[in-house]
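Listed below, chain by chain, are the residues.
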Amino acid sequence: MKLDVNALRYLTKDDFRVLTAVEMGMRNHEIVPAELVDRIAGLKHGGTYKVLRNLLKNKLVHHDATKYDGYRLTYLGYDFLAIKTLVNRGVFASVGRQIGVGKESDIFEVATEDGTVLAMKLHRLGRTSFRAVKSKRDYLRHRRSFNWLYLSRLAALKEFAFMKALGHHGFPVPTAVDCNRHCVIMSLVQGYPLVQVKELQNPDDVFDTILGLIVRLAEHGLIHCDFNEFNIMIDDDEKITVIDFPQMVSVSHRNAQMFFDRDIECIYKFFRKRFNLMSEKNEEQDGSESDGEGNSRPSFMSVKKAAGSLDKDLAASGYTRKEQVEMEKYIEEDAEGHDSGSDDDDEIVDAVPIGSLKIDQDGSDEPDCNLDSRNSGGPGTSSEEHGTSCSG
Ligand code: ADP
Ligand code: MG
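It should be emphasised that the depicted structure is a prediction, and the values quoted were computed from it without experimental measurement.

1. A closer look at the coordination of the magnesium ion (ligand 2)
- For the magnesium ion (ligand 2), the full set of protein donor atoms is Asn231 (OD1) and Asp244 (OD), and the range of their distances to it is 2.1 Å. On the criterion of sequence distance, the pair formed by Asn231 in the loop between strand 10 (222–223) and strand 11 (232–234) and Asp244 in the loop between strand 12 (240–242) and strand 13 (249–250) is long-range, its members being 13 residues apart.
- Residue classification places Asn231 among the buried residues on the basis of a relative accessible area of 6%.

Encoded structure:
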């Protein structure tokens, strides 16, 4: 998605106040009635309506008059709220070029006041699943619609918490810098996704390192679930950095073994195809494989015995067991091929109950990486591609 941050420069305090009012209204309205936006924003002399027209012109909100005169945030509007909050907080000062388009995210470079370049990941849950959903309209007609903004926020929170905890335990992941709404700020990884690499100096070493990471993760109680050449970055010294954590699950998940084996299989498959590792002579009679040095594949059962837990670190980062359970529920629905969606044409937002409607002066009340203030009940998502990008 195009992110024209120029518009950000020209938005006034009132613009942000009204944009935030729409966001707040969306906690219990799919489409927020214009009067409610006006009431929350509290601008004098009908100012809200003029501002709404400006926000609409800049595609920060979407107007819907099918049932009543109302508005909802677009992803761009949500982006702007997160960016504004993080800029106000001094996390970064400018947004640069787009460096990645993930399945369910957009990644941009951002720069701090002193010129340090960081990576900003904007989560867009529901983007891909929604495409798939479109072709299944009839089937889905009677199903509830889903709150993509809520899910994107949950994904960002999870990613941030896991990145922090993993970094703390010495795993090669980007440094988690900050998080707000659906946006995660992290260090910029120097290097390329492994999928772009045609040749390696030491393919065996890289392969061992990567397999070792999957095993060590499981020993810490976690499975990546999307561990493949797209989510492994490698630099010129063939140093590995793992990215992309929203779909991680605990080794106690009931499908843990399947996820673990799939992660391992992805790596085997990729290295066999791309770097011709483990050629036929290493395939054993019974169909199991050795890694070329006579070692057999890591088995889930043997690593699970040693499994420790990162739960404490995750809780400290604001991502609690409750959120973990919720997120795992979504992943599970994915794995089981459940789908979800609505007939709407764009980003879809569903009702989430709200505690209080309050707005602060700079229009950025949104809690960061903790979801304490939001009510649960966020529905499931369905990215059919989640965890299945194992290329072969
Ligand atoms: P998704 O969850 O949508 O797959 P990823 O986190 O995998 O998103 O990011 C998509 C792409 O963006 C990656 O393949 C990579 O090229 C780039 N990218 C993501 N994070 C970083 C980072 N910290 N530094 C540099 N590039 C990154
Ligand atoms: Mg990815």
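2. Here's the deal with the sheet that holds strand 1 (residues 32–33)
- As summarised here, the arrangement of the three strands in space is 1-3-2, forming an open sheet in which the pairing is antiparallel. Edge positions in the sheet fall to strand 1 and strand 2 (61–64), since each of these pairs with one other strand and no more.
- In this sheet, strand 3 (residues 70–73) lies alongside strand 2 in antiparallel orientation, the contact comprising four bridges. In the strand pairing of strand 3, His63 is matched with Tyr71.
- Running over the sheet, helix 2 (residues 13–25) touches strand 1, strand 2 and strand 3 and is turned about 95 degrees from strand 3.

3. Some thoughts on the confidence of the model for the chain
- For the chain, per-residue confidence averages 78 on the pLDDT scale, and residues scoring 70 or more make up 70% of the total.
- Ignoring residues within four places in sequence, the model shows residues 283–287, a span with pLDDT below 50, making five contacts including any to other chains.
- Taken together, the stretch residues 337–365 has pLDDT below 50 and engages in 100 contacts with residues farther than four places along the chain or on a different chain.

4. Focus on the sheet that holds strand 5 (residues 105–111)
- The sheet built from five strands is open, its strands ordered 4-5-6-8-7 with antiparallel pairing. Of all the strands in the sheet, just strand 4 (94–101) and strand 7 (176–180) have a single pairing partner and so form its edges. Direction aside, neighbouring strands of the sheet carry axes that sit 25 degrees apart on average.
- With four bridges joining them, strand 7 and strand 8 (residues 183–187) adopt antiparallel strand pairing. Its bridge partner lying in strand 8, Asp178 is registered against Ile185.
- Taken strand by strand, helix 5 (residues 75–88) contacts strand 4, strand 6 (117–123), strand 7 and strand 8, and its axis lies near 125 degrees from that of strand 7.

5. Some points on the packing of helix 2 against helix 3 (residues 34–41)
- For the pair helix 2 and helix 3, the least separation of the axes is 8 Å and the interaxial angle reads 120 degrees. One element, helix 2, and the other, helix 3, form an angle in the oblique class. Relative to helix 3, helix 2 is oriented so that their crossing is right-handed. In this structure, helix 2 contributes Arg17, Val18, Ala21, Val22, Met24 and Gly25 to the contact, and helix 3 contributes Leu36, Val37, Ile40 and Ala41.
- Class assignment for the residues of the contact of helix 2 with helix 3 results in eight nonpolar, one polar and one charged.

6. Overview of the packing of aromatic side chains
- By the definition in use, this model includes six aromatic pairs.
- Measuring from ring centre to ring centre gives 5.2 Å for Phe207 and Tyr268, while their planes differ by 85 degrees; the resulting arrangement is edge-to-face. Taken together, the positions of Phe207 in helix 9 (residues 203–219) and Tyr268 in helix 10 (residues 256–275) put the pair 61 residues apart, joining distant regions of the chain.
- We classify Phe207 as buried; its relative accessible area is 1%.
- The ring of Phe16 carries the charged tip of Lys84 above its face, separated from the ring centre by 4.8 Å.
- In this structure, Lys158 is placed above the aromatic ring of Phe162, and the distance from its NZ or CZ to the ring centre is 5.3 Å.

7. A look at the pattern of salt bridges
- For the structure on display, the rule yields nine salt bridges.
- With a shortest N-O distance of 2.7 Å, Glu23 and Arg181 are connected by a salt bridge. Placement of the pair is Glu23 in helix 2 and Arg181 in the loop between strand 7 and strand 8, with a sequence separation of 158 residues.
- Under the relative-accessibility criterion, Glu23 is labelled buried at 6%.
- For the salt bridge of Lys121 with Glu159, the shortest nitrogen-to-oxygen distance reads 3.0 Å.

What counts and what doesn't
Residues numbered from 1 in each chain as written. Chains lettered and ligands numbered in written order. Predicted model: local features only at pLDDT ≥ 70, side-chain atom pairs only at ≥ 80, totals over all residues. Heavy atoms only, no water. Donors = N, O, S within 2.8 Å, 3.2 Å for Na, K, Ca; no water. Helix = DSSP H or I, 4+ residues; strand = E, 2+ residues; numbered from the N terminus. Buried < 20%, exposed > 50% of the residue type's maximum accessible area, 1.4 Å probe, protein only. Pairing = 2+ DSSP bridges. Contact = heavy atoms within 4.5 Å. Axes fitted to C-alpha atoms, helices over the stretch in contact; angles between N-to-C directions. pLDDT = per-residue confidence, 0-100. Parallel < 35°, antiparallel > 145°, perpendicular 65-115°, else oblique. Left-handed = near helix turned anticlockwise from the far one by under 90°. Nonpolar A, V, L, I, M, F, W, Y, C, P; charged D, E, K, R; others polar. Phe/Tyr/Trp six-rings, centres within 6.5 Å; stacked < 30°, edge-to-face > 60°. Lys NZ or Arg CZ within 6 Å of the ring centre and 35° of its normal. Salt bridge = Lys/Arg side-chain N within 4 Å of Asp/Glu carboxyl O.

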